[in-house]
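Architecture at a glance
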Amino acid sequence: MSDLVAIVYPNEAKAEEVRQRLLKLQKEYLITIGDAVIAVKTDTGGIKLNQLVNTTAVGAMTGSFWGLLIGVLFLNPILGVAVGAASGALGGALSDFGIDDAFMKELSANLHTGNAALFVLIKHMTADKVLKEIKDAGGVVLKTSLDESKEKMLRDALASAAERPAA
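For the structure given in this document, a descriptive report is provided here. In this text the structure is predicted, and so the values were computed from the model without any measurement.

**Some remarks on unusual backbone geometry**
Glycine aside, the phi torsion of most residues is negative, and most peptide linkages are trans. Positive phi outside glycine occurs at Tyr29, with the angle close to 60°. Checked against the element boundaries, Tyr29 lands in the loop between α1 (12–27) and β2 (31–41). For Tyr29, a relative accessible area of 72% translates into the label exposed.

As C-alpha cells, then:
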C-alpha cells in the first residue's frame, strides 16, 4: 500500500530541491517513489503541475515508433509516423497515473501565490534515514495518509528546521 505526503514550500525551487533529494535516496534504496509532483500557484491564481514524467511526450515518442513500423509495412512511413505521434500524444495527454491531478489542484488551491506543494506517493521508505536527509529543507505538511506516529515524526522533523535561524 502506498502513502501520500504533501508538503508546502515557499517556492518551486525549494520543492524541486527536495524532490531531487528524494530521487537520490531512491537510488540508494531508502525510499520507493510511485510519483512525485510539484504543484505551484501562479500569479493568475491557477495551479501548474510539474510532473515527474511528461506523459504527452512519452506517448508521442512511442506512438511515432509504432506509426513508423506500421507505415513501413504499408509503404507510407511518413504518414505512419505522423498519425502514430498524434495518436500517441493524445493518448499520453489523456492518461493519468500516480496521484490524481484534480486532487492535487484542489488541495493546492489554498496555497499563497508563488508557493509550491510537493506531492509524493511513497510505496516504501526507511523513515528515519529519509527524514534525516530532508528535514533541513523545512516545509509545512499539507496532507498525509501516514499513520499518526509517522505523521508526527514528519511534522516534528520539518518543524525543527523552521525553528532554527537561517544561516
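**Topic: the environment of Gly45**
By the element assignment, Gly45 lies in the loop between β2 and β3 (47–50). Residue Gly45 is classed as partly exposed on the basis of its relative accessible area of 40%. Linking Gly45 and His112, residues 67 residues apart in sequence, is a C-alpha distance of 8.9 Å.

**Some points on the sheet that holds strand β1 (residues 3–9)**
Within the open sheet, the 5 strands sit side by side as β3-β2-β4-β1-β5. Their pairing is antiparallel. Pairing within the sheet leaves two strands with one partner each, and these edge strands are β3 and β5 (140–144). Going across the sheet, the axis of each strand differs from the next one's by a mean of 25°, ignoring polarity. Examined bridge by bridge, β2 and β3 share 4 bridges and lie antiparallel to one another.

Definitions and limits used
Residues numbered from 1 in each chain as written. Predicted model: local features only at pLDDT ≥ 70, side-chain atom pairs only at ≥ 80, totals over all residues. Heavy atoms only, no water. Helix = DSSP H or I, 4+ residues; strand = E, 2+ residues; numbered from the N terminus. Buried < 20%, exposed > 50% of the residue type's maximum accessible area, 1.4 Å probe, protein only. Pairing = 2+ DSSP bridges. Axes fitted to C-alpha atoms, helices over the stretch in contact; angles between N-to-C directions.

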